[in-house]
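Observations on chain architecture
One-letter residues, chain by chain:
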Amino acid sequence: MQPYPPQPPEPSFFEQEIAGIPVYVHLIAVVVTGGLYLVFMPFVLLFSWIGDQTDRAVSRVVDPLLDRVLKAALVILAVPAYLVFQLVKLIYRRYAGRASRSGGR
């Protein structure tokens, strides 16, 4: 057994990613659009970065609130679910008791 797991191989230059897209896709886009892709790419990266920052900020605020709401809903729904379970169990016991008293099925 090796003391450390083997490291995954480093991706080649063309397999590395910029904004989640491999470099070779960016290069193909530059060739196909005749360089216009390079004009729009900084704006795309900027808006992507702004979106990521907003998502992180929103998730910091919304996730704890959503967690509390879901826990409260679980507590509120747990009581009726427990009562329904007890009712079904009571009905089943009465039905099963009646069937056993009558000599089986």
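See the structure shown above.
Residues numbered from 1 in each chain as written. Predicted model: local features only at pLDDT ≥ 70, side-chain atom pairs only at ≥ 80, totals over all residues. Heavy atoms only, no water.

Some points on the overall build of the protein
Of the regular secondary structure elements, the protein holds 2 helices and 2 strands. In the protein, the succession of helices and strands from N to C terminus is β-β-α-α. What you see for the protein is a C-alpha radius of gyration of 30 Å, clearly larger than the 13 Å of a compact globule of 105 residues, by over 25%. Looking at the protein as a whole, 6% of its 105 residues are labelled buried. Entry remark: accessible area of the protein is about 9700 Å², with carbon and sulfur atoms responsible for 71%. For the protein, the separation between the mean place of its 10 positive charges and that of its 7 negative charges on side chains is 37 Å. (Helix = DSSP H or I, 4+ residues; strand = E, 2+ residues; numbered from the N terminus. Rg over C-alpha atoms; globule rule 2.2 N^0.38 Å. Buried < 20%, exposed > 50% of the residue type's maximum accessible area, 1.4 Å probe, protein only. Areas by Shrake-Rupley, 256 points an atom, 1.4 Å probe, with all protein chains shown as cover. Lys, Arg positive; Asp, Glu negative; His and termini not counted. Charge placed at Lys NZ, Arg CZ, Asp CG, Glu CD.)

Quick notes on the environment of Thr54
Residue placement: Thr54 occurs in helix α2 (residues 36-101). Judged by relative accessible area, which is 42%, Thr54 ranks as partly exposed. Within the local environment of Thr54, its side chain forms a polar contact with the backbone oxygen of Ile50, the two atoms lying 2.8 Å apart. (Polar contact = N/O pair within 3.5 Å; in protein donor to acceptor, adjacent residues only side chain to side chain.)

Overview of helix α1 (residues 23-33)
The α-helix winds at 3.6 residues per turn, so residues separated by three or four positions along the chain end up facing the same way. Those residues of α1 lying buried are Val23, His26 and Ala29. Projection of α1 onto a plane perpendicular to its axis shows the buried side chains occupying an angular sector of 120°, all on one side. Within α1, the exposed residues directed more than 90 degrees away from the buried face are Val31 and Val32. Looking one or two places after α1, you find Gly34, whose phi comes out positive at around 65°. (Arc of directions from axis to C-beta.)

Brief notes about the pattern of salt bridges
Counted by the stated rule, this structure contains 1 salt bridge. The salt bridge partner of Asp67 is Lys71, with a shortest N-O separation of 3.5 Å. On the criterion of helical spacing, the pair formed by Asp67 and Lys71 is a turn pair, its members being 4 residues apart in helix α2. (Salt bridge = Lys/Arg side-chain N within 4 Å of Asp/Glu carboxyl O.)

Let's talk about the environment of Leu45
Tracing the backbone through its elements, the reader meets Leu45 in helix α2. On the basis of relative accessibility, which here comes to 34%, the residue Leu45 falls in the partly exposed class. Measuring from C-alpha to C-alpha, the distance between Leu45 and Val30 comes to 15 Å, with 15 residues separating the pair along the chain. Discounting chain neighbours no more than four positions away, the residues touching Leu45 are Ile18 and Ala19. (Contact = heavy atoms within 4.5 Å.)

Some points on the side chain of His26
Note that His26 resides in helix α1. Note on His26: relative accessible area 7%, which makes it buried.

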